[in-house]
Amino acid sequence: MKPIDYQQPSKLRIFTAFYRPHARLFALDMGCATAIALIDLVFPLASRYALNNLLPNSIYSTFFVLMGSLLAMYLLRGVLNYIVTYWGHTLGVRMEANMRRDLFSHLQSLPFTFYDKHRTGQLMSRVTTDLFEITELAHHGPEDLFLSIITLVGSFAVLFTIHWQLALVLLCLVPLALLFTISQRRRMSGSSRKVKERMAAINADIESAISGARVAKAFTNEDYEIERFAVGNEQFKTAKGGFYSSMALFHSGIELMANVFNVLVVAVGGWFMMRGSMDINDLVVFILYVSTFLSPIRRLTAFVEQYATGMAGFSRFLELMRIQPDITDTSDATTLSAVQGRIDFNDVTFAYDESQNVLEHLSLHVEPGKMLALVGPSGAGKTTLCHLIPRFYDSTSGTITIDGHDIRGVTLRSLRQNVGIVSQEVFLFAGTVRENIAYGRVDATESEIVDAAKRAEIYESILEMPDGLDTYVGERGMRLSGGQKQRIAIARIFLKNPPILLLDEATSALDTVTERRIQASFDQLAKGRTTFVIAHRLSTVERADEIIYIDKQGIRERGTHQQLMAADGLYAALQRSHPAEKENDA
Ligand code: ADP
């Protein structure tokens, strides 16, 4: 199946494209629905025939055959209805699942900048609840629209043959009903969209409050959290109230119209009877048809409602799908392979937003297998600098090359496969220790996982855990200590085995034993790899081949530890201000 073009302007076209893979199911659904509509049209006609021709002439045998056939038709209608309900909804669910699949893989393709701007809970809402009503719309939408048209046209065709004057009176009322319906659709779409936005905001609040529940307790700020949540909840209530108000107006309007239709038919029909141009049987048939074609109007009503809520969800879905990742492979991107590990920053400038450059005209060169330590005050741009190498962000100007290849000219996949990252805050997925280590290379064998764990100095601790490698780490690794998490992150990188390494040393104080073990595994890991390390410890900088001191004004000093200490500049001052760390490492 060819992928859907989300950039085309027509929302409806994109929506209908989701029917394409399920064309047969759709045809079955619509076929059965049409048969149902035709059966509904037959009943008043058959009644009229019985009233006019069979009963007055006492042709009872034919009358009962006719009634028997009607019964059979209604049996068939029951079966058709089952098919429409079951398979129609199945069609809708399949379409919804396809949308969700597309959205999920799209989210995976979006860059860091996107995740910097969007709240987790809101995104969750978009992948889950926003798409819920799509099933209903996808299935009932075309069916309701199509059926209403068939029944309306069919009923009028019959009514005109019976008594065209009365039919004409009725026909004049239909545009009124349609006009009302269409005008209400807008209102309802708007309010439904607001409801979805508020729901997403609530989800975001809940997500944030639940992940921060421990912090809230530590600060005894539970009441503050409750109050904050109440604001969002109140806004949701107002939005939903707005939606129900437009829905109530719409339903009452439609009901009113239906009743006016009924009264009008009887009144005008009575008037025609008084004038002698209509008989009682025809009037009965008219009344029967009015109820037949009120059902398409009700269907239209349902359609309008579904369209409003379903399309609001679909629009929000489209909004996300239309965001194009700004960091992608160029059409002629090559695969980065057999990496030696020489890294060059050539006159690199970078800004998160236009207002302020974080890095300005920065150049540096690191030979394969060497270790570069980045030191300097927090907020200087050390993490940012590291994040440019795997293209989490793209530099505003200047180039970064690996072995002389511009990183923008190689595929993202091959680039990132060659870079390993251990950040300060290790993220573990809810699952077992084994799964979390294997995340470094999902096809790793058991012995490779054990080997990686040993090299990361975590294997012994794992053996002490209740279920060994199968121990559940809790959400985000909550059940493990900081040191254990770090070492699992290191084990991942051993499995991945990339030639380039980015390390962000933990600033938080770990006990000396843990500290040493992590240091030992860092050293193991860095062997033979080009390493950028955001260093906080003396032991690390002493080992580095080059140290770069960076602050808001850019690179201020560079050299080895001895050279920089001898120069007695900013770096030396920084080292002198951390006597505790020196003791720690002694
Ligand atoms: P360091 O690692 O040296 O502490 P960072 O690279 O984390 O510094 O941050 C450098 C600057 O960029 C800081 O002013 C910080 O506020 C800003 N910054 C960091 N990450 C982002 C982001 N995702 N979006 C916008 N600004 C950011």
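Definitions and limits used
- Numbering of residues starts from 1 in every chain and runs along the sequence as written.
- Local features in this predicted model are restricted to residues of pLDDT 70 or higher, and side-chain atom pairs are both shown and tallied only at a pLDDT of 80 or more, whereas totals for entire chains, interfaces and linings draw on every residue.
- Think of the side-chain values as coming from all heavy atoms in the structure, minus any hydrogens and water.
- A run of H or I in DSSP becomes a helix once it reaches four residues, and a run of E becomes a strand once it reaches two; helices and strands are each numbered from the N terminus.
- For the radius of gyration, the atom set is restricted to C-alpha positions; the globular benchmark scales as 2.2 Å times the number of residues to the power 0.38.
- Remark: exposure states derive from per-residue accessible area (1.4 Å probe, protein chains only) relative to the maximum for the residue type, with buried under 20%, exposed over 50%, and partly exposed in between.
- By definition, residues are in contact when any of their heavy atoms lie within 4.5 Å.
- Note on terminology: near, applied to a residue and a molecule or strand, indicates that one of the residue's heavy atoms is within 4 Å of it.
- Whenever two N or O atoms come within 3.5 Å, that pair is a polar contact, provided that in protein one can donate a hydrogen and the other can accept it, and provided that, for residues adjacent in sequence, both atoms are side-chain atoms.
- Under the convention used here, a 1.4 Å probe and the Shrake-Rupley method define accessible areas, while residue burial counts only the protein chains that appear.
- At least two bridges found by DSSP between two strands are what make those strands a pair.
- Between N-to-C directions, angles span 0 to 180 degrees; the directions come from axes that are lines fitted to C-alpha atoms, helices contributing only their stretch in contact.
- In a helix, the anticipated span is given by 1.5 Å times the number of residues less one.
- By definition, the arc is the one covered by directions from the helix axis to the C-beta atoms.
- A score between 0 and 100, pLDDT records how confident the predictor is in each residue.
- Pairs were defined over the aromatic rings of Phe, Tyr and Trp, the Trp ring being its six-membered one, requiring ring centres within 6.5 Å. Orientation was assigned from the angle between planes: stacked under 30 degrees, edge-to-face over 60, tilted for the rest.
- Patches here: salt-bridge-free residues with over 30% relative accessible area, like charges joined within 9 Å, nonpolar side chains (Val, Leu, Ile, Met, Phe, Trp, Tyr) joined within 5 Å.
- Any Lys or Arg side-chain nitrogen located within 4 Å of an Asp or Glu carboxyl oxygen qualifies as a salt bridge.
- For this classification, under 35 degrees means roughly parallel, over 145 means roughly antiparallel, 65 to 115 means roughly perpendicular, and everything else is oblique.
- Two helices cross in a left-handed way if the nearer one is turned anticlockwise from the farther one by less than a right angle. They cross in a right-handed way if the turn is clockwise.

**Student:** Honestly, the overall build of the protein chain in this entry has me stumped. Any pointers?
**Tutor:** Looking only at helices and strands, the protein chain has 22 helices and ten strands in total. Taken over C-alpha atoms, the radius of gyration comes to 35 Å for the protein chain, far larger than the 25 Å a tight globule of 586 residues would show. With the principal axes as the frame, the protein chain shows a C-alpha extent of 120 × 55 × 50 Å. Residue burial in the protein chain is summarised as follows: out of 586 residues, 46% are buried.

**Student:** How do you make sense of the side chain of Thr432 when you look at a structure like this?
**Tutor:** Here Thr432 shows up in the loop between strand 6 (419-422) and helix 14 (433-438). For Thr432, a relative accessible area of 17% translates into the label buried. In contact with Thr432, other than residues within four places in its own chain, are Leu469, Asp470, Thr471, Tyr472 and Val473.

**Student:** What exactly am I supposed to notice about the site of the ligand here?
**Tutor:** The full set of residues close to the ligand is Asp116, Tyr352, Val358, Pro377, Ser378, Gly379, Ala380, Gly381, Lys382, Thr383, Thr384 and Tyr393. Within the contact set of the ligand, an oxygen atom lies 2.9 Å away from a backbone nitrogen or oxygen of Lys382. In isolation the ligand exposes 550 Å². Once the protein is present, 62% of that is buried. Counting residues per element, the shell around the ligand draws most heavily on helix 12 (residues 382-388), which supplies three residues.

**Student:** Just checking my understanding: could you explain the sheet that holds strand 10 (residues 554-559) for this structure?
**Tutor:** Pairing between the strands of a sheet comes from backbone hydrogen bonds, and it takes one of two forms, parallel or antiparallel. The six strands lie next to each other as 6-7-8-3-9-10, forming an open sheet whose pairing is mixed. Two strands in the sheet have a free side with no partner beyond their single neighbour: strand 6 and strand 10. Across the sheet, the mean angle separating the axes of adjacent strands is 20° when strand polarity is ignored. Sheet topology places strand 3 (residues 371-375) next to strand 8 (residues 530-534); four bridges connect them, and they run parallel. What sits directly across from Ala373, in strand 8, is Val533.

**Student:** Any chance you could explain helix 18 (residues 512-526) here in plain terms?
**Tutor:** Every α-helix carries 3.6 residues per turn, so stepping three or four residues along brings you back to the same face. Helix length check: helix 18 (15 residues) gives 21 Å between terminal C-alpha atoms against 21 Å at 1.5 Å per residue, within 8%. Along helix 18, the positions that sit buried rather than exposed are Thr514, Glu515, Ile518, Gln519, Ser521, Phe522, Leu525 and Ala526. Within helix 18, the buried residues cover an arc of 170° as seen down the axis, which keeps them to one side. Of the residues one or two after helix 18, Gly528 is the one with positive phi, at around 75°.

**Student:** Looking at this model, I keep getting lost on the confidence of the model for the protein chain. Mind explaining?
**Tutor:** The predicted coordinates of low-pLDDT regions are not to be read in fine detail. With 97% of its residues at a pLDDT of at least 70, the protein chain reaches an overall mean of 85. Of the regions scoring below 50 in pLDDT, residues 582-586 engages in nine contacts with residues more than four places distant in sequence or in other chains.

**Student:** Explain the packing of aromatic side chains here, please?
**Tutor:** Aromatic rings in a pair are described by how distant their centres are and how their planes are angled relative to each other. The final tally for this structure, using the stated rule, is 25 aromatic pairs. The interplanar angle of 75° and the centroid separation of 4.9 Å between the aromatic rings of Tyr86 and Trp87 together place this pair among those described as edge-to-face. Exposure remark for Trp87: the relative accessible area of 32% places this residue in the partly exposed category. Their ring planes at 85° and their centres at 5.1 Å tell us that Tyr352 and Tyr393 sit as a pair that is edge-to-face. Of this pair, Tyr352 sits in the loop between strand 1 (343-350) and strand 2 (359-366) while Tyr393 sits in the loop between helix 12 and strand 4 (397-402); the two residues are 41 residues apart in sequence, bridging distant segments of the chain. Classification of Tyr352 by relative accessible area gives partly exposed; the value is 41%.

**Student:** Would you mind showing me how to read a nonpolar patch on the surface here?
**Tutor:** Taken together, the side chains of Leu28, Tyr82, Tyr86 and Trp87 define a hydrophobic patch exposed on the protein surface, amounting to about 420 Å² of accessible area. Ranked by the residues each element gives to the nonpolar patch, the list is headed by helix 3 (residues 60-109), at three residues. Looking at where Tyr86 falls in the secondary structure, it is placed in helix 3.

**Student:** Please explain unusual backbone geometry as it appears in this structure.
**Tutor:** The phi dihedral of Thr220 is positive, around 45°, even though this residue is not glycine. Considering the arrangement of structural elements, one finds Thr220 in the loop between helix 9 (213-218) and helix 10 (222-274). Here the phi dihedral of Ala338 falls at roughly 45°; this positive angle occurs in a residue that is not glycine. Position of Ala338 among the secondary structure elements: in the loop between helix 11 (280-321) and strand 1. A relative accessible area of 67% places Ala338 in the exposed class.

**Student:** When you look at the packing of helix 15 (residues 446-455) against helix 17 (residues 482-496) in this model, what are you seeing that I'm missing?
**Tutor:** For any two helices packed against each other, the geometry is given by the interaxial angle and the distance between the axes. At their nearest, the axes of helix 15 and helix 17 sit 8 Å apart, and the two run at 125° to each other. It follows that helix 15 is oblique to helix 17 by the angle criterion. Here the hand of the crossing between helix 15 and helix 17 comes out right-handed. Side by side, helix 15 and helix 17 meet where Glu448, Ile449, Ala452, Ala453 and Arg455 of the first sit next to Ala491, Phe494 and Leu495 of the second.

**Student:** Which parts of the structure should I look at to understand the pattern of salt bridges?
**Tutor:** Close approach of charged atoms allows side chains with opposite charge to pair. What the rule picks out here adds up to 24 salt bridges. Between Asp282 and Arg48 there is a salt bridge; the shortest N-O distance is 3.0 Å. Within this pair, whereas Asp282 is found in helix 11, its partner Arg48 is found in helix 2 (residues 23-54), the two being separated by 234 residues in sequence. Residue Asp282 is classed as buried on the basis of its relative accessible area, which comes to 10%. In this structure, Asp568 engages Arg576 in a salt bridge whose closest nitrogen and oxygen atoms are separated by 3.0 Å. Several salt bridges converge on common partners, so that one network encompasses Arg126, Arg193, Glu197 and Glu319.

**Student:** Would you mind showing me how to read the pairing of strand 10 here?
**Tutor:** A regular strand places its side chains so that they alternate between the two faces of the sheet. With five bridges joining them, strand 9 (residues 546-551) and strand 10 adopt antiparallel strand pairing. Bridge pairing in strand 10 links Ile547 to Gly559. Connecting strand 9 to the next strand, strand 10, in antiparallel fashion are two residues.

**Student:** What am I meant to see in the sheet that holds strand 5 (residues 405-406) here?
**Tutor:** Taken together, the four strands give an open sheet; going across it, the order is 2-1-4-5, and neighbouring strands pair in antiparallel fashion. Each edge of the sheet is formed by a strand with only one pairing partner; in this case those strands are strand 2 and strand 5. Relative to strand 2, strand 1 runs antiparallel, the two being bridged by five bridges. Among the inter-strand pairings, Ile343 is bridged to a residue of strand 2, identified as Val366.

**Student:** I keep staring at the pairing of strand 7 (residues 500-504) and nothing clicks. Help me out?
**Tutor:** Among the five residues of strand 7, five are classified as buried, and the element is accordingly described as predominantly covered. Alternating residues of strand 7 divide into Ile500, Leu502 and Asp504 and Leu501 and Leu503, and every residue in both groups is buried. As judged from the four bridges shared by strand 6 and strand 7, these two strands associate in the parallel manner. Residue pairing across strands places Val419 opposite Ile500, the latter belonging to strand 7.

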